[in-house]
Amino acid sequence: MKRLNTLVVAAVSLVGLASCQKETQSVNKNDDGIMGMTQNNNTNARVSEGTGQGAVYLLDNATVSNHVLVYDRSVNGELSANGSFATGGTGTGAGLGSQGAVILDNGNQYLFAVNAGSNDISSFRINGNGLTWVDKIASGGTTPISLTLNDGVIYVLNAGGTGNIHGFRVDQGHFMSIGGSTQSLSSGAAGPAEVQFNNEGTALVVTEKNTNTVDVFPVNNGVAGARVSYPSTGITPFGFAFDKNDQFFVSDAYGGMTGQSALTSYSLNDLGQLAVLSGPVGTTQTSACWVAVTGNGKYAYTANTGSATISGYSINSNGEVSLLDPSGVSGNTGMSPADLALSNNSHFLYSRNGASNSISLFEVQSSGALINIGTVTGLPRGSAGLAAK
């Protein structure tokens, strides 16, 4: 795909931002916020053996009181509501247009969530009955939208004001602000989407939708250094995910242009330098905005907000990607898919759908193919984030 000139890129980026935030325009007849149960659409779907039980988490993002909504996951991937847990902060009542609004630590012992309305972040201890609130702290900026954690250090991406990142040390869920960790984005109108550590915790990556930029911040002893900004290979870089080799895969929404979105793969070396591995490789779909990569690093998936589909990609040993299906459709979701999460064993993929206030459930086959196994309905309007274990 050819790069567009600066004026066109700026214009389509604004369109793409709107397209990837269609979740903010959702209509929910169930305004009491009661969570629905799984409707099994494929009783003949193969059930993977030894998958274990888990859970799926998201935010109701309510303006009066933000809550984490918990769904228990059965061994066959189906979900059942297990209550809501107040964060102690407030949301915005509308989709955040980001990835990483709610995250888990590697041991699945703690959960962390943004409160975009009250400019703070919260932590919970995960237990057999749900969540126990632990702590809350100011985010170091305004409108926190994304979180990332590595080895006891957590960073938050603040989208409001001029935009920045800020770091905290975290011990058993308790926060301590890291002095000198605040770093600015490339522009006050960056339109950031996600922040994420590399595997070693020596660098942070941020995607900027409006400036078509990928930022890299070196990290030394938990303190982020000065930003190095790279032009994105694709247009409107949005969500991304790392694999175990410090290769990462970025969705390119291409300004919401019909059928033009893509996935691009990059490598990040020990010096924090960025290199393109492949792409943009087109989805043939519209507004690819969220990304998930399987634990074995073999497959990547994009949620295509404008098409209500998921595109699957295979990843080769060099980090290069190719579509699993020439049509670009590996699965069909509810209206405006707005986040993706894989279970910790990568046997199940979940899509939160902003405009239909639902979660689509898929079983991941060894070939990377997806089988739809049901839908959860009745999510609150304006919900945000998605994490799974």
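**Some words on the pattern of salt bridges**
- The full count for this structure, using the stated rule, is 1 salt bridge.
- Put simply, Lys-136 and Asp-120 hold a salt bridge, and the shortest N to O gap is 3.9 Å. With Lys-136 in strand E8 (residues 130-138) and Asp-120 in strand E7 (residues 120-127), this pair connects stretches of sequence that are 16 residues apart.

**Some thoughts on the environment of Gly-382**
- Mapped onto the elements, Gly-382 comes out in the loop between strand E31 (370-376) and strand E32 (384-388).
- The exposure class assigned to Gly-382 is buried, which follows from its relative accessible area of 4%.
- Measuring from C-alpha to C-alpha, the distance between Gly-382 and Asn-61 comes to 6.3 Å, with 321 residues separating the pair along the chain.

**Looking at the sheet that holds strand E6 (residues 110-115)**
- The sheet built from 4 strands is open, its strands ordered E5-E6-E7-E8 with antiparallel pairing. Of all strands in the sheet, those with a lone pairing partner are strand E5 (102-104) and E8, marking the two edges. Along the sheet, successive strands turn relative to each other by an average axial angle of 20°, direction set aside.

**A look at the nonpolar core**
- The biggest cluster of nonpolar side chains holds 45 residues, and the ones touching the most others in it are Tyr-57, Val-68, Leu-111, Ile-165 and Leu-204.
- The residues touching Leu-204, leaving out its near neighbours within four places in the chain, are Thr-148, Tyr-155, Ile-165, Val-195, Gln-196, Phe-197, Asp-215, Val-216, Phe-217, Val-219 and Ala-224.
- Core analysis: the second largest hydrophobic core is formed by 18 residues, Cys-20, Ala-253, Leu-340 and Leu-349 among them.

What counts and what doesn't
- Residues numbered from 1 in each chain as written.
- Predicted model: local features only at pLDDT ≥ 70, side-chain atom pairs only at ≥ 80, totals over all residues.
- Heavy atoms only, no water.
- Salt bridge = Lys/Arg side-chain N within 4 Å of Asp/Glu carboxyl O.
- Helix = DSSP H or I, 4+ residues; strand = E, 2+ residues; numbered from the N terminus.
- Buried < 20%, exposed > 50% of the residue type's maximum accessible area, 1.4 Å probe, protein only.
- Pairing = 2+ DSSP bridges.
- Axes fitted to C-alpha atoms, helices over the stretch in contact; angles between N-to-C directions.
- Core = buried A, V, L, I, M, F, W, Y, C linked by side-chain atoms within 4.5 Å.
- Contact = heavy atoms within 4.5 Å.

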